[in-house]
Amino acid sequence: MPGADAEVVTAPPAERAVGALWSFAKCLGALLPVYLAGYYGFSISLVLLGLMLYIGWKHGRMEKVMRLKSAMYLLENEREFTTEKVFRAKRDLPPWVNFPDVEKVEWVNKILQQAWPFIGQYLEKLLVETIAPAIRTSSIHLQTLSFTKVNIGDKALKVVGVKAHTEHDKKQVMLDLYLSYAGDVEINVEIKKYFCKAGVKGVQLYGKLRVILEPLIGDVPLVGAITMFFIRRPKLDINWTGLTNLLDIPGLNSMSDTMIMDAIASHLVLPNRLTIPLVANLHVAQLRSPLPRGVVRIHLLEAEDLTAKDTVIKGLIDGKSDPYAVIRVGTQIFTSHHVDSNLNPQWREMYEVIVHEVPGQELEVEVFDKDPDQDDFLGRVKVDLDIVRKARIVDDWFNLKDVPSGSIHLRLEWLSLLSSADRLSEVIQKNQNLTTKTSDPPSAAILAIYLDQGFELPMRKGSKFPSPMAQISIQDTTKESKTCYGSNSPVWEEAFTFFIQDPHKQDIDIQVKDDDHSVPLGSLTIPLNRLLETSDLTLDQWFHLENSGTASRIYAKIVLRILWLSDDVTPTTPSPRPSGSGSEVGQGGITSDLSPAGPGGLNKPQPTQPQHTTPDPEFATEGVLRIHLVEAQNLIAKDNFMGGMVKGKSDPYVKIKVAGITFRSHTIKENLNPVWNELYEVILTQLPGQEIQFELFDKDIDQDDFLGRFKLSLRDIINGQFIDSWYTLNDVKSGRVHLVLEWLPRVSDLIRLEQVLQYQSQQLYQNKAVPSAAVLFVYVERAHGLPLKKNGKEPKAGVEVALKGVSFKTKICERSTSPRWDEAFHFLVRDPTDETLTVKLSHSWGQALGSLTLPLKEVLSESGLVLDRWLSLDGALPESQILLRVTLKVLDTQLAVCRSGPVGAANDADEETVFPKWDPSHLDLRRRSRFSVVSDNANTAGQVKLTIGYSTEENRLFITVHSCRGLAPRSKDGADPYVSFILLPDKKATTKRRTTTKRKDLNPEFNERFEFDFSLEESTQRKLYLSVKNSVSFMSREKELIGKLQLDLDQIDLKAGVAQWFDLVAETN
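Residues numbered from 1 in each chain as written. Predicted model: local features only at pLDDT ≥ 70, side-chain atom pairs only at ≥ 80, totals over all residues. Heavy atoms only, no water.

S.K.: Just to check I follow, could you spell out the overall build of the protein for this structure?
M.R.: Along the protein, the regular secondary structure elements total 17 helices and 53 strands. Residue pairs in contact within the protein that sit at least 24 positions apart in sequence constitute 67% of those at least 6 positions apart. Roughly 53,800 Å² of accessible area belongs to the protein as shown, and the carbon and sulfur atoms make up 54% of that amount. (Helix = DSSP H or I, 4+ residues; strand = E, 2+ residues; numbered from the N terminus. Contact = heavy atoms within 4.5 Å. Areas by Shrake-Rupley, 256 points an atom, 1.4 Å probe, with all protein chains shown as cover.)

S.K.: Sorry if this is basic, but what is going on with the sheet that holds strand E53 (residues 1058–1063) here?
M.R.: Note on sheets: strands pair through backbone hydrogen bonds, and any given pair is parallel or antiparallel. One open sheet holds the four strands; their spatial order is E50-E47-E46-E53, and the pairing between them is antiparallel. With one partner strand each, in any of the chains shown, strand E50 (1005–1012) and E53 form the two edges of the open sheet. Across the sheet, the mean angle separating the axes of adjacent strands is 20° when strand polarity is ignored. In terms of strand pairing, strand E46 (residues 943–951) meets strand E47 (residues 956–965) through nine bridges, oriented antiparallel. Residue pairing for E47: Ser951 is matched across the bridge by Arg956. (Pairing = 2+ DSSP bridges. Axes fitted to C-alpha atoms, helices over the stretch in contact; angles between N-to-C directions.)

S.K.: Sorry, what's going on with the nonpolar core here?
M.R.: Side chains of nonpolar character tend, in soluble globular proteins, to be buried together. Counting 40 residues, the largest nonpolar core has Leu776, Val780, Trp821, Phe827, Leu837, Leu841 and Ile882 as the members making the most contacts within it. The residues contacting Val780, other than those within four sequence positions of it, are Val799, Val801, Trp821, Asp822, Glu823, Phe825, Ile882, Leu883 and Leu884. (Core = buried A, V, L, I, M, F, W, Y, C linked by side-chain atoms within 4.5 Å. Buried < 20%, exposed > 50% of the residue type's maximum accessible area, 1.4 Å probe, protein only.)

S.K.: Could you clarify how one ought to interpret the sheet that holds strand E38 (residues 797–803) in this entry?
M.R.: The four strands are arranged E39-E38-E41-E42 in an open sheet whose pairing can be described as antiparallel. Both edges of this open sheet fall to strand E39 (806–809) and strand E42 (847–855), since each of them pairs with a single strand only. If you compare each strand with its neighbour and ignore which way they point, the axes differ by 15° on average. In the sheet, strand E41 (residues 836–843) pairs with E42 via eight bridges, with the strands oriented antiparallel.

S.K.: Looking at this structure, I do not really get the packing of aromatic side chains. What am I missing?
M.R.: Taken as a whole, this structure holds 18 aromatic pairs when the rule is applied. An aromatic cluster is defined as three or more aromatic residues linked by ring pairs; in this entry it consists of Phe981, Phe1010, Phe1012 and Phe1014. Above the face of the Trp845 ring, Lys809 is positioned so that its terminal group lies 4.6 Å from the ring centre. (Phe/Tyr/Trp six-rings, centres within 6.5 Å; stacked < 30°, edge-to-face > 60°. Lys NZ or Arg CZ within 6 Å of the ring centre and 35° of its normal.)

S.K.: For this particular structure, what's the right way to read the environment of Asp422?
M.R.: Structurally, Asp422 can be placed in the loop between strand E17 (407–418) and helix H9 (424–432). Reaching out from Asp422, the side chain makes a polar contact with the side chain of Ser420 at a distance of 3.0 Å. (Polar contact = N/O pair within 3.5 Å; in protein donor to acceptor, adjacent residues only side chain to side chain.)

S.K.: So what exactly am I meant to see when it comes to the side chain of Gln332 here?
M.R.: Mapping Gln332 onto the fold places it in strand E12 (residues 332–335). Residue Gln332 is classed as buried on the basis of its relative accessible area of 19%. Those residues in contact with Gln332, other than ones at most four positions away along the chain, are Ile327, Val353 and Ile354.

S.K.: I would appreciate a short explanation of the pattern of salt bridges in the present structure.
M.R.: The final tally for this structure, using the stated rule, is 33 salt bridges. Among the ionic pairs, Arg709 bridges to Glu695, the shortest N-O distance being 3.4 Å. Within this pair, whereas Arg709 is found in strand E33 (residues 705–713), its partner Glu695 is found in strand E32 (residues 691–698), the two being separated by 14 residues in sequence. For Arg709, a relative accessible area of 29% puts it in the partly exposed group. Ionic pairing is found between Glu1011 and Arg1009, a salt bridge with its closest N-O pair at 3.0 Å. Here the residues in one salt-bridge network are Asp176, Arg210, Arg273, Arg293 and Glu357, joined through shared partners. (Salt bridge = Lys/Arg side-chain N within 4 Å of Asp/Glu carboxyl O.)

S.K.: How should the pairing of strand E26 (residues 623–633) be read in this particular structure?
M.R.: Buried residues dominate E26, accounting for nine of its eleven residues. Bridge analysis of E26 against strand E31 (residues 675–685) gives eight bridges, and the strand direction is antiparallel. Each bridged residue has a counterpart across the sheet, and for Val624 the counterpart in E31 is Ile683. In this sheet, strand E35 (residues 736–744) lies alongside E26 in antiparallel orientation, the contact comprising nine bridges. Paired with Leu625 across the two strands is Trp743, which belongs to E35.

S.K.: Quick question: what am I supposed to make of helix H12 (residues 750–761) here?
M.R.: Owing to its 3.6 residues per turn, the α-helix brings residues three or four apart onto one side. Between its terminal C-alpha atoms H12 stretches 17 Å, which fits the 16 Å expected from twelve residues at 1.5 Å a residue. Where H12 begins, the side chain of Asp749 points an oxygen toward the backbone nitrogen of Ile751, at a separation of 2.8 Å. (Expected span 1.5 Å × (residues − 1).)

S.K.: What is the right way to look at a nonpolar patch on the surface in this model?
M.R.: A cluster of nonpolar side chains, Leu32, Tyr35, Leu36, Tyr39 and Tyr40, forms an exposed patch at the surface whose accessible area comes to about 560 Å². Residue position: Leu36 is located in helix H1 (residues 13–39). For Leu36, a relative accessible area of 33% gives the class partly exposed. (Patch = residues over 30% accessible without salt bridge, like charges linked within 9 Å, V, L, I, M, F, W, Y side chains within 5 Å.)

S.K.: I would appreciate a short explanation of unusual backbone geometry in the present structure.
M.R.: Leaving glycine out, the prevailing phi sign among residues is negative, and the prevailing peptide bond configuration is trans. Backbone torsion omega between Glu214 and Pro215 reads -10°, so that peptide bond is classified as cis. Within the secondary structure layout, Pro215 lies in the loop between strand E4 (196–213) and strand E5 (225–230). The peptide bond linking Val358 to Pro359 adopts the cis configuration, its omega dihedral lying at 0°. As for its position among the elements, Pro359 is in the loop between strand E13 (346–355) and strand E14 (362–369). A positive phi is found at Ser341, a non-glycine position, where the angle reads about 50°. Along the chain, Ser341 turns up in the loop between E12 and E13. By relative accessible area, which is 25% here, Ser341 ends up partly exposed. Phi is positive for Trp845, close to 60°, though the residue is something other than glycine. Checked against the element boundaries, Trp845 lands in the loop between E41 and E42.

S.K.: Is there a simple way to think about the confidence of the model for the protein in this case?
M.R.: Close inspection of predicted coordinates is inappropriate in any region flagged by low pLDDT. Mean pLDDT over the protein works out to 79, with 79% of the residues at or above the 70 mark. The low-confidence segment residues 898–939 (pLDDT under 50) makes 130 contacts with residues lying over four places distant or belonging to another chain. (pLDDT = per-residue confidence, 0-100.)

Structural data, given as structure tokens:
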């Protein structure tokens, strides 16, 4: 019918009504958060933050979906796009078009596409029948985990190109597969116990996979084994669903993808390899862990004509840049120091990298401009290491890519691996003449250790099989093997590589331990001199373990190779140096010294310094909650006699838990109506959903009995400001607890400070706590004109801020005389008129760079109780200064008004109106250091294992921190412990040392050795003061003491040495 195509089809009235209602509901849902924010008094900043996070998540989500769809469409129409003009750019073409020796293998893709559904069936069976049960048995929290959907989709993995390398070794076939996967895979997982659903819907993966077929044999299947690995990390993009949608929030998306890539790299990225043997009796170790091809020594010399990123007035005035370089070879990454305000920086730094595969591996150097927020990109350059292998020495300028201008000067040296020690002395002599700005000296050799297996290791108590793992240490470097569970004859089959400075002076230390790191199964020490005595610098044999069973031994292959740079090789001719270059560089490239006015020197023109700090808007917004645990009544009697026929009493105590912090009251003996009268104070910051949990227990010799619990919402406490109430215990028949809770407003009134101090002096608590009169906020922004180190290098500066025994440390900045930290800390202050803030600057917590002492009386004299300016440093240069903001807030308690007698009575209503009301919406607790409750058992802090001895051959005192066990948790995740110690007397803290931090581990393993150049007599006069501390997250920055140890060294036979567990004493108030 004519005009039928133009006929308009209208929806029925019911459908239109439903559509209108749905539109109204969506509008209401969008406005509801705004209404709720106003109703509950939320800060507008929280609403804006939530809106920004949602927009960022939505934007990232849409970008991922578009990238996935584009990649799928491109792979399906590859030939069409290849011939189109718009895709003629080299970077957009597939490898078989870019490189003539890369072949297109469409027949492989057809096979993969045909077999893809059956591969999906296999993966589904693997996930449901094998992986899911293993996950469920690994944790009690995952017992209800199940895969609800496994669908790898219709898009198969594609091989977009293959390159064959047959010219290097006639006994192998080496293939490079260019893989591309943009799939509609959908995998959903559910944990029913927690009503948690998560999953993946769409994955992109691009990378070059090397496949080596070796050895070639004269029998079926013609190939002895297949070895696979990625030469460099593949590119990964994941589209999350369910609860894991949160991983698409800006900041978390890159973090989650990086964690997954780290897992892939630990198995399939060089130097890790996956080897599949195809025939029996094949020596797989040689294929899985071959010797490296060589070592490249990288001299990062200088750069020229870099792009200015620190512009002024939105680019109208060109500024400078603060450049630094990031060097990557596979999984080996190094970062240079940054040079302040210089477009022609000189670094003069040296790095050494192990090269496992050539051709294939590349050196990538990226240059960035150091900024407080996000570093700006200044260019990159890539160098094929096969070119360096052929030329032996490459000394050249390289133009930086992806930027308008800039070039970088590199000297690359290929070090061959010699199997003879004839030239070792010559190599060591050459290295001694080599000077660089890096702290690590050049290496003379590399050591490869292939740990194969163990045999007849000692059994655990009760004739149980151990779960052995091995620790291999050389000097300060320690590497660990995997754990072989439930076997006294473990098979590790792992390789480890170490750089060696002088084989004559270094030993291999191997410790075999049970999985919990506390039970040693044997040890072995092998001097590297022993390798020098062999013909090919190789030991391939069984080694008997010391301090172990009579038949206990391990099998290992240990190979030493000398690093040799040929003398008859001349470096490639450097390209013409860009205009504006500095001093000439000799052939060595690293022996010329920098002038005093060079980068980072004192004569360098400095930019205009700001007069005041610029802290984050959230600075000094924290508040304080005061908890007064008064008493309890009508508790349950748990200590019964004669099977309950005779009623007894209880020995009650209270645990208070907030955001991972636990306070514990003292125990009151045989009392069902105990009176504690204890005070606790905690610092809170604005985070939602916080609760305080109170739990009561009856102290017993074996296991403490439960007496009840209850929870309180922090929001209710903040809204009420002051609460004095009884709370009924839950989950028990009877009992209640009396609490006084106060959210303390913060004011800047000196008159109120006098009243608060007077009230504070009248209070007495059973735990000897003194109420805080104020809270101090310290913002450390930057320093200027710091002195150089004794060797002339720029310092790596850090700041330690301390008040009344509580101290915090900033991060350690890269080498600079004008470092910037931008970090904030807070302290509880008992009496601002009598306390002093101490600020100390040092190089990596060693050499002092200056200090200052600031009595808080000076802050009280400042307007608004805020001090914000540059302060001169003592013990430094005349121009050395630090920029600080110190803010003091008086904690105004209502009790000082109601109960302080005449002073409180004088405080009338007019006086009250000048105090600002502190009413944040959501809060979270910050951990406070040096605040703990007296424990009934002094040994509950745990133990630390130390080895202390004196080496008469080296005239050195050595202390090895092995491990800790039974540490007290500091949060729901346990603790992040580290060990620090000092040898007293030590006025300058030159003997202060600390270990690395172990994450979420209450039984951490450190195995770090520290040495001191003391005589034996001087060593016996020292006292070891050791602390085990908890390093909390960057959100809180506070350090919390777990336990401490004091030990007089004159009580130890230092010549014989001692290795034992020492009890840690918990800190008391």
